[in-house]
Amino acid sequence: MFLLKKLLSRPFFPLPLCLEILTLGLILLCFTRRQRTGKAVVFLGVALLAVLGTDFFPDRALLPLEGQNPPLTLNSGYGSTVDWVVVLSGGFKTDPQLPPRLRCEDSTLFRLVEGIAQQRQHPESKLLLSGGGQHEVSAAGIMAETAKSLGVRESDLILETRSKDTADQAELVRDKVGKQPFLLVTSASHMPRAVKLFRQKGLNPVPAPTHFMSQARDEKVLWDYYPSYRDLAKAQRAVYEYMGLSWLRIKSLLGG
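Residues numbered from 1 in each chain as written. Predicted model: local features only at pLDDT ≥ 70, side-chain atom pairs only at ≥ 80, totals over all residues. Heavy atoms only, no water.

Draft legend 1. Fine view of the overall build of the protein chain. Secondary structure summary: the protein chain contains ten helices and five strands in total. Split into buried and exposed, the 256 residues of the protein chain put 43% on the buried side. In the protein chain, the proportion of contacts linking residues at least 24 apart, taken out of those at least 6 apart, comes to 71%. Within the structure as shown, the protein chain displays about 14400 Å² of accessible surface, and the carbon and sulfur contribution to it stands at 59%. (Helix = DSSP H or I, 4+ residues; strand = E, 2+ residues; numbered from the N terminus. Buried < 20%, exposed > 50% of the residue type's maximum accessible area, 1.4 Å probe, protein only. Contact = heavy atoms within 4.5 Å. Areas by Shrake-Rupley, 256 points an atom, 1.4 Å probe, with all protein chains shown as cover.)

Draft legend 2. Molecular detail of the pairing of strand β2 (residues 126-130). The element β2 is extensively covered by neighbouring structure, given that four of its five residues are classed as buried. For strand β1 (residues 84-88) and β2, the ladder comprises five bridges, and the chain directions are parallel. The residue bridging Val87 from the neighbouring strand is Leu129, located in β2. As paired strands, β2 and strand β3 (residues 157-160) are joined by four bridges and run parallel to one another. Along β3, the bridge assignment pairs Ser130 with Glu160. Once the chain exits β2 it traverses helix α7 (residues 139-149) before rejoining the sheet at β3, and the crossover so formed is right-handed. (Pairing = 2+ DSSP bridges. Right-handed = clockwise from strand over helix to strand, strands pointing away.)

Draft legend 3. Geometry of the sheet that holds strand β5 (residues 205-207). The strand order across the open sheet formed by five strands is β3-β2-β1-β4-β5, and the pairing between neighbours is parallel. Where the open sheet ends on each side, the last strands, each with one partner, are β3 and β5. Shown here is a sheet whose adjacent strand axes are inclined to one another by a mean of 30°, direction ignored. Lying over the sheet, helix α8 (residues 166-177) contacts β1, β2, β3 and β4 (182-185), oriented at roughly 160° with respect to β1. Helix α9 (residues 191-200) rests against β1, β4 and β5 of the sheet, and its axis sits at about 140° to β4. (Axes fitted to C-alpha atoms, helices over the stretch in contact; angles between N-to-C directions.)

Draft legend 4. Representation of the packing of helix α2 (residues 14-31) against helix α3 (residues 35-53) in the model. For the pair α2 and α3, the least separation of the axes is 7 Å and the interaxial angle reads 160°. In terms of axis orientation, α2 runs roughly antiparallel to α3. The hand of the α2/α3 crossing is left-handed. For the pair α2 and α3, contact is made by Pro14, Leu15, Leu17, Cys18, Ile21, Leu22, Leu24, Gly25, Leu26, Leu28 and Leu29 and by Gln35, Thr37, Gly38, Lys39, Val41, Val42, Leu44, Gly45, Val46, Leu48, Leu49 and Leu52, respectively. Classifying every residue of the contact of α2 with α3 gives 17 nonpolar, five polar and one charged. (Parallel < 35°, antiparallel > 145°, perpendicular 65-115°, else oblique. Left-handed = near helix turned anticlockwise from the far one by under 90°. Nonpolar A, V, L, I, M, F, W, Y, C, P; charged D, E, K, R; others polar.)

Draft legend 5. Seen up close, the pattern of salt bridges. In total, this model carries eleven salt bridges according to the counting rule given. Between Asp231 and Lys234 there is a salt bridge, with its nearest N and O atoms 3.3 Å apart. Of this pair, Asp231 and Lys234 are both found in helix α10 (residues 229-253), three residues apart, which corresponds to roughly one turn of the helix. There is no split in this pair, since Asp231 and Lys234 are both buried. Overlapping salt bridges, with partners in common, bring together Asp59, Asp231 and Lys234 in one network. (Salt bridge = Lys/Arg side-chain N within 4 Å of Asp/Glu carboxyl O.)

Draft legend 6. Summary view of α7. The element α7 is extensively covered by neighbouring structure, given that eight of its eleven residues are classed as buried. Considered for burial, the residues of α7 that qualify are Ala139, Ala140, Gly141, Ile142, Met143, Ala144, Thr146 and Ala147. Lining the buried residues of α7 we find β1, α5 (100-103), α6 (106-121), β2 and β3. In the stretch just after α7, Gly151 is the one whose phi turns positive, near 100°.

Draft legend 7. Focus on the packing of aromatic side chains. Counted under the stated rule, the structure contains two aromatic pairs. For the pair Phe13 and Tyr240, a centre-to-centre distance of 5.9 Å together with 75° between the ring planes defines the contact as edge-to-face. With Phe13 in the loop between α1 (2-9) and α2 and Tyr240 in helix α10, this residue pair connects regions lying 227 residues apart in the sequence. The class of Tyr240 is partly exposed, set by a relative accessible area of 22%. (Phe/Tyr/Trp six-rings, centres within 6.5 Å; stacked < 30°, edge-to-face > 60°.)

Draft legend 8. Up close: the nonpolar core. Core analysis: the largest hydrophobic core is formed by 18 residues, its most contacted members being Leu127, Leu129 and Leu157. Elements represented by at least two residues in this core include exactly β1, α6, β2, α7 and β4. Looking at which element gives the most residues to this core, the answer is α7, with four residues. Once you skip the residues sitting within four places of it in the chain, Leu157 turns out to touch Leu127, Leu129, Ala144, Ala147, Lys148 and Val152. One finds Leu184, Met191, Ala194 and Phe198 within the second-largest nonpolar core, a separate group that totals 14 residues. (Core = buried A, V, L, I, M, F, W, Y, C linked by side-chain atoms within 4.5 Å.)

Here is the structure:
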């Protein structure tokens with residue numbers, strides 16, 4: 001199911017979808033007599049790429065996701081006793097020549113730094129790093145080595161290394177933290193879906209979001225409106241999370 005979900009979602013990501021539309025338009029133009037239809041399809045592909053590749057749409061698509069949970073400020077922290085700070089992995093590079101701190105993907109580094117910061121606000125807590133993967137080395141293991149290089153004591157680290165996705169993480173984290181409240185650290189756009197999945201498993205996460213990508217509230221300059229790979233990445237993140245949330249709703253309606 002994990003592999004099937006990954007394969008089925010990719011064609012709907014912004015860049016593949018635009019290329020699929022443009023390819024269809026070129027086929028119509030080059031191999032059929034439907035020239036007007038082909039031109040319309042090519043125009044659609046270019047227009048969609050322009051919309052998704054500039055920051056206006058991606059930022060506003062991310063904002064409803066990232067705006068649901070404000071940052072858990074380090075000054076106030078969380079008022080109750082914290083036994084666990086749970087950090088969800090965001091992927092890692094598989095190149096074994098790189099040291100662990102350089103193998104973390106950007107989202108993983110953001111999450112780990114926030115987790116370490118929150119754990120230091122609550123020295124009695126443990127830092128639970130969650131993430132398996134399809135490789136010999138787990139995402140949690142990479143995060144743990146990085147955390148130790150940043151000064152976290154090995155005795156404060158607990159690893160969950162078997163999960164493949166967020167649903168797995170909720171299941172496996174429950175075995176360690178039980179029903180007591182804990183700080184949940186993940187990307188701000190991922191937090192709504194993560195919280196839903198964890199609460200479905202009977203857990204009580206306190207959101208501590210990080211890796212805010214939307215700049216919809218920022219003051220803009222002219223070059224912000226030029227297409228960029230960063231905006232395509234933001235659009236892809238938004239599409240992925242909305243697809244995940246839609247799948248949760250469908251499963252709920254089907255009684256799954």
